[in-house]
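Remarks on the overall topology
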Amino acid sequence: MTSSTTTSAAAHAAQSNYYRPSRVMRTLRFGLTTAQRVWPALGVQAAYRLFGTPLPPKWLYRGQAPGADWRREDWAFENASLGLYHLATQDSGAESAPIVLLVHGWGGHAGQMLSLAKVLADEGLRPVLLELPAHGRSAGIMSNSPQFARAISYVVARLVADGHTLRAAVAHSMGANALGLAAAQGLRAERLVLLAPPASAREFTRYFAHTFGLSEATRLAMQRLFEAREGLLMAQLEPPAVGPRIVQPTLIVHDRDDRVNRFADAEAYRDAIKGARLVATEGLGHRRILKEEDVLRQVARFVAQP
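Residues numbered from 1 in each chain as written. Predicted model: local features only at pLDDT ≥ 70, side-chain atom pairs only at ≥ 80, totals over all residues. Heavy atoms only, no water.

1. A few points about the overall build of the protein
A tally of regular secondary structure across the protein gives 11 helices and eight strands. Relative to the globule expectation of 19 Å for 306 residues, the C-alpha radius of gyration of the protein, 19 Å, shows essentially globular dimensions. Seen through its C-alpha atoms, the protein measures out along the principal axes to roughly 65 × 35 × 35 Å. Within the protein, the fraction of its 306 residues that count as buried is 57%. (Helix = DSSP H or I, 4+ residues; strand = E, 2+ residues; numbered from the N terminus. Rg over C-alpha atoms; globule rule 2.2 N^0.38 Å. Buried < 20%, exposed > 50% of the residue type's maximum accessible area, 1.4 Å probe, protein only.)

2. So, the pattern of salt bridges
Enumeration according to the criterion identifies 14 salt bridges in this entry. Among the salt bridges present, the one from Arg72 reaches Asp74, with a minimum N-O distance of 2.8 Å. Asp74 sits in the exposed class, given a relative accessible area of 54%. A salt bridge links Asp294 to Arg297, with the nearest nitrogen and oxygen atoms 3.5 Å apart. Placement of the pair is Asp294 and Arg297 together in helix H11 (residues 293–304), with a separation of three residues, close to one helical turn. (Salt bridge = Lys/Arg side-chain N within 4 Å of Asp/Glu carboxyl O.)

3. Some words on the side chain of Glu230
Structurally, the position occupied by Glu230 is in helix H8 (residues 216–230). Among the polar contacts made by the side chain of Glu230, one reaches the side chain of Arg150 at a distance of 2.9 Å. With near-sequence residues (within four places) excluded, Glu230 lies in contact with Asn144, Pro146, Gln147 and Arg150. (Polar contact = N/O pair within 3.5 Å; in protein donor to acceptor, adjacent residues only side chain to side chain. Contact = heavy atoms within 4.5 Å.)

4. Some remarks on the side chain of Glu131
Checked against the element boundaries, Glu131 lands in strand E4 (residues 126–131). With a relative accessible area of 1%, Glu131 lands in the buried category. There is a polar contact of 3.5 Å between the side chain of Glu131 and the side chain of Tyr85. Ignoring any residue separated from it by four or fewer positions in sequence, one finds Glu131 in contact with Arg72, Leu82, Gly83, Tyr85, His104, His109, Ala110, Gly136, Arg137 and Ser138.

5. Quick look at the packing of helix H2 (residues 23–38) against helix H3 (residues 40–51)
At their nearest, the axes of H2 and H3 sit 5 Å apart, and the two run at 150 degrees to each other. Note on packing geometry: the crossing formed by H2 with H3 is left-handed. Across the interface between the two elements, Leu28, Leu32, Ala35, Gln36 and Val38 of H2 pack against Pro40, Gly43, Ala46, Ala47 and Leu50 of H3. Within the contact of H2 with H3, the residues separate by chemical class into eight nonpolar, two polar and no charged. (Axes fitted to C-alpha atoms, helices over the stretch in contact; angles between N-to-C directions. Left-handed = near helix turned anticlockwise from the far one by under 90°. Nonpolar A, V, L, I, M, F, W, Y, C, P; charged D, E, K, R; others polar.)

6. Structural notes on the packing of H2 against helix H7 (residues 201–212)
With their axes 8 Å apart at the nearest point, H2 and H7 run at an angle of 95 degrees to one another. Classed by the angle they form, the pair H2 and H7 counts as roughly perpendicular. Contacts between H2 and H7 pair Met25, Leu28, Arg29, Leu32 and Thr33 from the former with His210, Thr211 and Phe212 from the latter. Residues that form the contact of H2 with H7 fall into these classes: four nonpolar, three polar and one charged. (Parallel < 35°, antiparallel > 145°, perpendicular 65-115°, else oblique.)

7. Side note on the nonpolar core
Of all hydrophobic cores here, the largest spans 68 residues; its most connected members are Tyr19, Leu101, Leu130, Ile152, Leu187 and Phe208. Setting aside its immediate chain neighbours within four residues, Ile152 contacts Leu101, Val103, Leu130, Gly175, Ala178, Leu179, Ala182 and Leu187. If you look at the next biggest cluster of nonpolar residues, it comprises 31 residues, including Leu87, Leu102, Leu195 and Val295. (Core = buried A, V, L, I, M, F, W, Y, C linked by side-chain atoms within 4.5 Å.)

8. Regarding the environment of Leu159
Residue position: Leu159 is located in helix H5 (residues 145–161). Those residues in contact with Leu159 that lie beyond four places of it in its chain are Ile99, His164 and Leu166.

9. Structural notes on the pairing of strand E3 (residues 99–103)
Counted residue by residue, E3 has five buried out of five residues, so it is predominantly covered. The two faces of E3 match: Ile99, Leu101 and Val103 on one face and Val100 and Leu102 on the other face are all buried. Taken together, the five bridges between E3 and E4 define a ladder with parallel strand orientation. By the bridge assignment, Val103 is partnered in E4 with Leu130. Handedness of the E3-helix H4 (residues 114–122)-E4 crossover: right-handed. By the bridge criterion, five bridges tie E3 to strand E5 (residues 166–172) in an arrangement that is parallel. What sits directly across from Leu101, in E5, is Ala169. (Pairing = 2+ DSSP bridges. Right-handed = clockwise from strand over helix to strand, strands pointing away.)

Here's what the structure looks like:
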């Protein structure tokens, strides 16, 4: 690595704790560093696969899926599937209520959005939880932000084609990054809410490389493999690329103490999206904002506006 790249990776590593130290992480690091040294091409392929594999593994969260109050639909999508959860206990009049699509983040699951869903239902809206490929009970082993964006766009297009009004789309973490890309490509949602969004996939590859002991050559080759397979550059996922093309009223919520995605990432989205409003919280970290009552009320008020 060059000194500037090393500094950037170390700085991001200091900000993020997504890959927490464990015996499994040490084993993966040993395997990747050995592969890149003995067979560099294999090291790139192995790094690419691990980069696209959600951790912790999805089976750990299956017991936290929405319960009997929710009806699940499975939709085929690309080489995997999507799960949609509808609130079965809402009265029949809710079928015509505006929909709010709720999207989890990387390594997450639909159950993480339940607290917000209940608040929105109390506002007379119809929450729909989306479980993305390779997450929760959805099929698939690997995924990434561009696939997340395609999944969001596909679900919204089908809902609109079925005659539903999409009042808003709300997404957390990497789901928010994907929502930004989908919105920039013409997503038919009236409003957007980005919760703790990451700004740069390229920076995350640097953090990933730093965590698993990968050289800059391996990291760059992994990035270019990602870009070639997805048909877009990582730079096209960043706020300066997507923000100016987002036309919906947008609310961003991010905690100053977030140790996964930096608060500066939220500021980058605020600066790139015309009229976007940033709500800063403190002491909640990356995931507690999904359950904090004040955050839920602010999101519900924003979404409830026609």
